[in-house]
Amino acid sequence: FMNEECNSIIISNNTIYSVQTMQVHYMTYDLQHKYDTINHRTHRDVMVLLRETRLRHPYWYACVLSIFHMEVWLQNHDGSQPVKWHLEVLWVRWLAALWNYKTGIKYNHLPKLAFVEESDTDAFRFLNPGQVI
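Rules used throughout
- Sequence positions are assigned chain by chain, starting from 1 and proceeding in written order.
- Totals for whole chains, interfaces and linings use every residue, but because this is a predicted model, local features are given only for residues with pLDDT of at least 70 and side-chain atom pairs only at 80 or more, for both listing and counting.
- Only hydrogens and water are set aside; all other atoms, that is, all heavy atoms of the structure, feed into the side-chain values.
- Helix and strand definitions here come from DSSP, where helices need a minimum of 4 consecutive H or I residues and strands a minimum of 2 consecutive E residues; each element is numbered from the N-terminal end.
- For each residue, the accessible area found with a 1.4 Å probe, counting protein chains only, is set against the maximum for its type, and the residue is called buried under 20%, exposed over 50%, and partly exposed in between.
- Contacts: residue pairs with any heavy atoms within 4.5 Å of one another.
- All accessible areas in this document rest on Shrake-Rupley with a 1.4 Å probe, and a residue is counted as covered only by the protein chains that are shown.
- Note on terminology: a nonpolar core comprises buried Ala, Val, Leu, Ile, Met, Phe, Trp, Tyr and Cys residues joined through side-chain atoms within 4.5 Å.
- The rule for a salt bridge is simple: a side-chain nitrogen of Lys or Arg has to be within 4 Å of a carboxyl oxygen of Asp or Glu.
- Buriedness for pockets is judged along seven lines, at least five of which must meet protein on both sides within 12 Å for an open set on the 1 Å grid over protein atoms alone, while cavities are sets there where a 1.4 Å probe fits but cannot get out, and lining residues have an atom within 4 Å of a point.
- Grid points are joined across faces, edges and corners, and a volume is the space filled by probe spheres set on the points.
- Put simply, Ala, Val, Leu, Ile, Met, Phe, Trp, Tyr, Cys and Pro go in the nonpolar bin, Asp, Glu, Lys and Arg in the charged bin, and everything else, Gly too, in the polar bin.

**Side note on the overall build of the protein chain**
Step number 1: Within the protein chain one finds one helix and nine strands.
Step number 2: Counting from the amino terminus, helix and strand elements in the protein chain follow one another as α-β-β-β-β-β-β-β-β-β.
Step number 3: Counting every position in the protein chain, which comprises 133 residues, the buried fraction comes to 26%.
Step number 4: Expressed as a percentage of contacts within the protein chain between residues at least 6 apart in sequence, the contacts between residues at least 24 apart total 51%.
Step number 5: Carbon and sulfur atoms provide 53% of the accessible area of the protein chain, an area that totals close to 10100 Å².

**Topic: the nonpolar core**
Step number 1: Ile-38, Val-46, Val-64, Leu-90, Val-92, Trp-94 and Leu-127 are the most contacted members of the largest nonpolar core, which totals 15 residues.
Step number 2: Among the secondary structure elements, those contributing two or more residues to this core are β3 (21-27), β5 (45-49), β6 (59-74) and β7 (83-97).
Step number 3: Apart from the residues lying within four places of it in its own chain, the contact partners of Val-46 are Ile-38, Trp-60, Tyr-61, Ala-62, Val-64, Leu-127 and Val-132.
Step number 4: In this structure, Phe-68, Met-70, Val-72 and Val-89 belong to the second largest nonpolar core, which totals five residues.

**Section: unusual backbone geometry**
With the exception of glycine, the majority of residues adopt a negative phi angle, and the majority of peptide bonds are in the trans configuration.
Step number 1: Of note in the backbone geometry, Asn-14 takes a positive phi value of approximately 50° without being a glycine.
Step number 2: Take Asn-14: it is sitting in the loop between β1 (9-11) and β2 (17-19).
Step number 3: Note on Asn-14: relative accessible area 73%, which makes it exposed.

**Points about the pattern of salt bridges**
One side chain can pair with another of opposite charge once the charged atoms of both are near each other.
Step number 1: Summed over all chains, the structure comprises two salt bridges.
Step number 2: A salt bridge links Asp-122 to Arg-125, with the nearest nitrogen and oxygen atoms 2.3 Å apart.

**Details of the environment of Asn-13**
Step number 1: Turning to its location among the elements, Asn-13 is positioned in the loop between β1 and β2.
Step number 2: Between the alpha carbons of Asn-13 and Glu-71 there is a distance of 8.5 Å; along the sequence they are 58 residues apart.

**Describing the layout of surface pockets**
Step number 1: Counted as a void, the second largest pocket has a volume near 360 Å³.
Step number 2: Lining the second largest pocket we find 15 residues, and of these Tyr-26, Asp-36, Met-47, Val-132 and Ile-133 sit closest to its centre.
Step number 3: Elements supplying a minimum of two residues to the lining of the second largest pocket: β3, β4 (33-39) and β5.
Step number 4: Considering only residue class, the lining of the second largest pocket consists of nine nonpolar, four polar and two charged.

As far as function goes, none of this settles anything; it's purely spatial.
In C-alpha cells form, the structure reads like this:
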C-alpha cells in the first residue's frame, strides 16, 4: 500500500496475529510448482526485485523479523462500502549491497550485504509477501 492508502485501512477488531512461518509459492524454470517456507527464526532472509533500472544491482534483500496476518477493511475513495481483505505482511529490516565491493561472474563473488543503518527511516518496513522472489 502507498502511504495515502494506509490511511484508508481499518484493522478488524484492532487484532493482528503473529505467526511463525509463511509459505511462498513460485514456479520453477521448468514449470514445476514449488514453495519455500519463511521462518523468522531460522529461514529469514528474502529478496525482492528492485523496480529501479538505473542501479547496477537488480535486487533488494531483507531479513524477516516477524510475520503477521490480519483482517482489514479497505475504504474505497468513491464512497462505496469498504471491502474486507485478509492481509499478510512481513516486518523486515532491509539489507543493501555494498557498492564498493566488486561482484559478478567476472570477479567470482556474490554481492556483499550489510544492514541498512537503523537511523535510516526506511531501515524497517512492512513488506508484501507477494513481492518476495
